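# Descriptive structure summary
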Amino acid sequence: MERIYLDNAATTPLDAVVIEEMVKVMNSYYGNPSSIHAQGREVRTLIEKARKTVSGLLNATPAEIFFTSGGTEADNTAIRCGIAAFNIKHAITSKIEHHAVEHTLNMLLEQGVIDKLSFVNVDAKGNIDYDHLEELLKNNERSFVSLMHANNELGTLTDLERVGDICEQYNAIYHCDTVQTMGHYVHDVRKLKAHFIVCAAHKLHGPKGVGFLYVNHSIKISPMIFGGAQERNMRGGTENVYGIVGLAKALQIAYGEMAEHQQHIQELKTYLKDRLSNEVPDLFFNGETEPEKSLYTVLNVSFPAMDMADMLLFNLDINGISASGGSACSSGSNIGSHVLTGIAADPNRPSVRFSFSKYNTKEELDFVVEKVKQIVSQNVTV
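Residue indices begin from 1 for each chain and proceed along its sequence in written order. The predicted nature of this model means local features are confined to residues of pLDDT at least 70 and side-chain atom pairs, given and counted, to a pLDDT of 80 or more, with totals for whole chains, interfaces and linings taken over all residues. Hydrogen atoms and water are omitted, and side-chain values are computed over all heavy atoms in the structure.

What counts, and what does not: UniProt positions are given in the numbering used here, feature names are shortened, and annotations may be inferred rather than shown by experiment.
An unreviewed UniProt entry lists the protein chain under the name Cysteine desulfurase family protein, with Pedobacter panaciterrae as the source organism. The Catalytic activity (unreviewed entry) comment attached to the protein chain in UniProt states, word for word, "(sulfur carrier)-H + L-cysteine = (sulfur carrier)-SH + L-alanine".

Below, the structure is given as structure tokens:
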């Protein structure tokens, strides 16, 4: 039996067309894009063509797109350089953000770069409190706001446009981690009021080790990585040409097939949710699950307390099912999911995040349900 891969929120398999495009570049182009000779110029053309493709899909200008090594670097650059550029002393985030955001802001607080770090309230499903966000902005000096579009563990969506409107009202700088939603939803930056959004190509069937940072033309930041004049003096280091070409092709495919894939994947998510709800006792779901409130690629399942709960993922794995998850942090322990802890989930209940892609099928989910039922029935605590 072939393995069933349901950890697409962690990374996705490369699209065959993307591989073909990258191999073509690897075989035929080897010049350094910073070189002025013919081989260098033709590689530079590939990068700028990719930049134009990405910017066109986002309704941005090419000058607003900067290629990075992935989402973590893009988040770090937006936060560290955005805060430095405007000498901002107050940052706002939530306790369920990705570690690339949470750890970066905590580091800036520890170093004294910012004086205050506020956390907007979130409810038990991971929805942010927009009224509380406004209070935090209203009662402080100019702030830097970092709130993700879709939570990577729960799938709960934040209204990117509403946050942008609130930030604009209080002259805040707004960074939105869009790693989980890039290529899954249309991002028209002319309609958004985010100053920064980000992408990691491997979340949308592109290569690992490459992403981009969108920086709105209305602001100017300094680079985080020094050493060369690459990316229009915004990021030192020879460009990952094959990765950049692969990113642009993956995003182009994602936009071209978005409606079809969204319908297919949403059907898979609903199918698995309904079958598990009907066939596994004492089960519920972490985060929002309604289509208009939830990322259609993610379903986070809270299982009943069971013996050897920490072996749940291992048991799925030995049955040929790849997924991820964990539990809320127990009292006095740093081990566990900070996201589940942030929504006050029960630490005694193990959770599994199933995340889907265009390559998954209902037949695979039927197998998953049967194996889940077996594992739970053998291990549930009486």
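What follows continues from the structure just given.
### Things to note about the overall build of the protein chain
Applied cut-off: In DSSP terms, a helix is any run of H or I states spanning at least four residues, a strand is any run of E spanning at least two, and both are numbered starting from the N terminus. Put simply, the radius of gyration uses C-alpha atoms, and a globule should come to 2.2 Å times the residue count raised to 0.38. Note on contacts: a residue pair is in contact if any heavy atoms of the two residues lie within 4.5 Å. For every accessible area listed, the method is Shrake-Rupley and the probe measures 1.4 Å; residues are considered covered only by the protein chains on display.
Scanning the protein chain for helices and strands turns up 12 helices and 13 strands. For 382 residues, the compact-globule estimate of 2.2 N^0.38 gives 21 Å, and the C-alpha radius of gyration of the protein chain, at 21 Å, lies within 12% of that figure. Considering only C-alpha atoms, the protein chain reaches an extent of 70 × 55 × 35 Å along its principal axes. Put simply, 73% of the contacts in the protein chain that link residues at least 6 apart link residues at least 24 apart. Taken as a whole, the protein chain presents about 16600 Å² of accessible surface, with 50% of it coming from carbon and sulfur.

### What to know about a nonpolar patch on the surface
Note the following rule: Like charges are joined within 9 Å and nonpolar side chains (Val, Leu, Ile, Met, Phe, Trp, Tyr) within 5 Å, but only among residues with over 30% relative accessible area and no salt bridge; these make up the patches. When a carboxyl oxygen of Asp or Glu is within 4 Å of a side-chain nitrogen of Lys or Arg, the pair counts as a salt bridge.
Taken together, Leu-14, Ile-19, Val-23, Met-26 and Tyr-242 make up a surface patch of nonpolar side chains, about 390 Å² in accessible area. Here the element with the most residues in the nonpolar patch is helix α1 (residues 16–28); it accounts for three residues.

### Thoughts on the sheet that holds strand β8 (residues 211–215)
Stated formally: For two strands to be treated as a pair, DSSP must find at least two bridges joining them. Interaxial angle, 0 to 180 degrees, is taken between N-to-C directions of lines fitted to C-alpha atoms, where a helix line uses only the stretch in contact.
Read across the sheet, seven strands follow the order β2-β8-β7-β6-β5-β3-β4 without closing on themselves; strand pairing throughout is mixed. Pairing within the sheet leaves two strands with one partner each, and these edge strands are β2 (65–68) and β4 (116–119). Each neighbouring strand pair of the sheet contributes to a mean axis angle of 20 degrees, computed without reference to strand direction. Sheet topology note: the β2/β8 ladder contains four bridges and is antiparallel.

### Details of the nonpolar core
Note the cut-off: For our purposes a nonpolar core is just a set of buried Ala, Val, Leu, Ile, Met, Phe, Trp, Tyr and Cys residues, chained together by side-chain atoms within 4.5 Å. Exposure categories follow from relative accessible area, calculated using a 1.4 Å probe and restricted to protein chains: below 20% of the type maximum is buried, above 50% is exposed, and the middle band is partly exposed.
Of all hydrophobic cores here, the largest spans 49 residues; its most connected members are Leu-58, Phe-67, Leu-133, Val-145, Val-163 and Phe-212. Here the element with the most residues in this core is helix α8 (residues 241–256); it accounts for nine residues. Every residue in contact with Val-163, bar those within four places of it in the chain, is listed here: Ile-128, Tyr-130, Leu-133, Val-145, Leu-147, Thr-158 and Tyr-174. Leu-295, Phe-303, Met-306 and Val-376 belong to the second largest nonpolar core, which has 33 residues in total.

### Details of the sheet that holds strand β9 (residues 284–286)
Across the sheet, four strands lie side by side as β9-β10-β13-β12; this open sheet has antiparallel pairing. Looking along the sheet, the strands with just one partner apiece sit at the ends: β9 and β12 (324–326). Ignoring strand direction, the axes of neighbouring strands in this sheet form an average angle of 30 degrees. Summarising the sheet, β12 and strand β13 (residues 351–355) pair through three bridges and their orientation is antiparallel. In the sheet register, Gly-326 faces β13, and the bridge partner there is Ser-351. Sitting on the sheet, helix α9 (residues 258–279) is in contact with β9, β10 (298–302) and β13, with an inclination near 15 degrees to β10.

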